[in-house]
Amino acid sequence: MTTTFPDVTISTERLVLRPFEEEDVTALAEMMNDENITAWTSAPYPYTQADAHAWATRDSHAERTEGRGIVLAVTEFLTQRLVGIVHLRNTNWRTRATEVGYVTAPWARGEGYASESVLAVAQWLFREQGFERLELRTAADNTASQQVAQKIGCISEGVLRNAWTVRTQTADGGWTDTRTDLIVWSLLPEDLDEGDGLDGYDGYESHDTYGGRGGHGAHPGHPVPGQRSDANGHPVGADRK
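Criteria and cut-off values
Residues numbered from 1 in each chain as written. Predicted model: local features only at pLDDT ≥ 70, side-chain atom pairs only at ≥ 80, totals over all residues. Heavy atoms only, no water. Helix = DSSP H or I, 4+ residues; strand = E, 2+ residues; numbered from the N terminus. Buried < 20%, exposed > 50% of the residue type's maximum accessible area, 1.4 Å probe, protein only. Contact = heavy atoms within 4.5 Å. Areas by Shrake-Rupley, 256 points an atom, 1.4 Å probe, with all protein chains shown as cover. Salt bridge = Lys/Arg side-chain N within 4 Å of Asp/Glu carboxyl O. Pairing = 2+ DSSP bridges. Right-handed = clockwise from strand over helix to strand, strands pointing away. Arc of directions from axis to C-beta. Phe/Tyr/Trp six-rings, centres within 6.5 Å; stacked < 30°, edge-to-face > 60°. Axes fitted to C-alpha atoms, helices over the stretch in contact; angles between N-to-C directions. Parallel < 35°, antiparallel > 145°, perpendicular 65-115°, else oblique. Left-handed = near helix turned anticlockwise from the far one by under 90°. Patch = residues over 30% accessible without salt bridge, like charges linked within 9 Å, V, L, I, M, F, W, Y side chains within 5 Å. Lys, Arg positive; Asp, Glu negative; His and termini not counted. Charge placed at Lys NZ, Arg CZ, Asp CG, Glu CD. Core = buried A, V, L, I, M, F, W, Y, C linked by side-chain atoms within 4.5 Å.

Visitor: I would appreciate a short explanation of the overall build of the protein chain in the present structure.
Guide: When its secondary structure is counted, the protein chain shows six helices and nine strands. Counting over 241 residues, the protein chain shows a buried share of 55%. Taking all contacts inside the protein chain whose residues are at least 6 apart in sequence as the whole, residues at least 24 apart take part in 75%. Accessible surface, the protein chain as shown: approximately 10300 Å² in total, 45% of it carbon and sulfur.

Visitor: How should the pattern of salt bridges be read in this particular structure?
Guide: Any two side chains of opposite charge can pair, so long as their charged atoms come close to each other. Inspection of the entire model under this criterion finds ten salt bridges. In this structure, the salt-bridge partner of Asp 34 is Arg 109, at a minimum N-O distance of 2.7 Å. In this pair, Asp 34 sits in the loop between helix H1 (25-32) and helix H2 (35-40) while Arg 109 sits in the loop between strand S5 (97-104) and helix H4 (113-128), placing the two residues 75 residues apart along the sequence. Residue Arg 109 is classed as partly exposed on the basis of its relative accessible area of 27%. Sharing partners across several salt bridges, the network here consists of Arg 133, Glu 135, Arg 137 and Glu 157.

Visitor: Explain the pairing of strand S6 (residues 133-139) here, please?
Guide: One face of the sheet, then the other: side chains in a regular strand alternate in exactly this way. The buried fraction of S6 amounts to five of the seven residues, a majority that puts the element mostly inside the structure. When S5 meets S6, the two strands line up parallel, connected through three bridges. Among the inter-strand pairings, Ala 97 is bridged to a residue of S6, identified as Arg 133. With respect to chirality, the unit in which S5 leads through H4 into the neighbouring parallel S6 is right-handed. Bridging between S6 and strand S8 (residues 175-187) involves six bridges; their strand directions are antiparallel. Residue pairing for S8: Leu 136 is matched across the bridge by Trp 185.

Visitor: Would you take a moment to explain H1 for this structure?
Guide: Structurally, the α-helix is built with 3.6 residues per turn, so residues lying three or four positions apart point the same way. Val 25, Leu 28, Ala 29, Met 31 and Met 32 are the residues of H1 that are buried. Taken down its axis, H1 places every buried residue within 165 degrees of arc, on the same side. Turned more than 90 degrees off the buried face of H1, the exposed positions are Thr 26 and Glu 30. Tucked inside the fold, the buried residues of H1 contact H2, helix H3 (49-65), strand S4 (82-92) and S5.

Visitor: Quick question: what am I supposed to make of the packing of aromatic side chains here?
Guide: For any pair of aromatic rings, the description rests on two quantities: the centre-to-centre distance and the angle between the ring planes. Evaluation of the coordinates by the stated rule reveals five aromatic pairs. Aromatic side chains Phe 5 and Trp 124 sit 5.6 Å apart centroid to centroid with 45 degrees between the ring planes, which places their arrangement in the tilted category. Here Trp 124 lies in helix H4 and Phe 5 lies in the segment before strand S1 (8-11), a separation of 119 residues in the sequence. The two residues Phe 5 and Trp 124 agree in class, both being buried.

Visitor: Just to check I follow, could you spell out the packing of H1 against H3 for this structure?
Guide: Packed helices, taken two at a time, are described by their axes: the angle between them and the distance between them. Interhelical geometry of H1 versus H3 gives an angle of 120 degrees and a closest axis separation of 8 Å. Relative to H3, the element H1 lies oblique. Note on packing geometry: the crossing formed by H1 with H3 is right-handed. Where H1 approaches H3, its residues Val 25, Thr 26, Leu 28 and Ala 29 are matched on the opposing element by Gln 49, Ala 52, His 53, Trp 55 and Ala 56.

Visitor: Got a minute to help me understand a negative patch on the surface in this structure?
Guide: A cluster of acidic residues, Glu 132, Glu 190, Asp 193 and Glu 194, forms a negative patch at the surface. If you trace the backbone, Glu 190 turns up in helix H6 (residues 189-195).

Visitor: Sorry, what's going on with the nonpolar core here?
Guide: Nonpolar side chains tend to gather and get buried jointly when the protein is soluble and globular. Ranked by internal contacts, the top residues of the largest apolar core, which has 37 residues, are Ile 10, Leu 88 and Trp 124. Counting residues per element, this core draws most heavily on H4, which supplies ten residues. Within the second largest apolar cluster, 18 residues are counted, among which are Met 31, Ile 37, Trp 55 and Leu 82.

Written out as structure tokens, the structure reads:
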């Protein structure tokens, strides 16, 4: 039974999702120090260049090679700027189910990039990898992440009470941990068959990377590298997913 995802690049009309590279370190560190990402994710704060280097060159790749999931760096096709991260994690290969997290850079919010990238990964996961369930978990107050789940057609299944820790900023500029509920969402192959996409979104293309720079030359997205994701294995673009 297959227990690792292929080394792949996924392209949409506007984006390229690929493996992280050392050249992503500076942009990754800048993105991960955003206050919204600090608040909703478990990424270290401050997020140092050393953290970014370890994630881009080693830790994100280990997610795939060790069978836990896959991390994809989301980039703009035209500018090749780092838009965010999509991370499949907690993968169960027997039941063909996995969880998705995503993070979006501050400058890229409001453009529909999170929905477009997560939907493209879901389509690839169901249609090419034979998976049967994609799960998302959003903090109760993280409305931006919940909107992404709703936009791609996810179904809300219930609430895990007091199941997550978020950070809130203190008067002196520091951060403190606060307990919160998690809303559980799911997406199944038939959900995509019924809705099948965002308005104006025509689908995705995937290309095996095999350790190289990425299949489609400079198709829709970031630099040609491979796949990246959020540093710390928690892809939840500006939202804890």
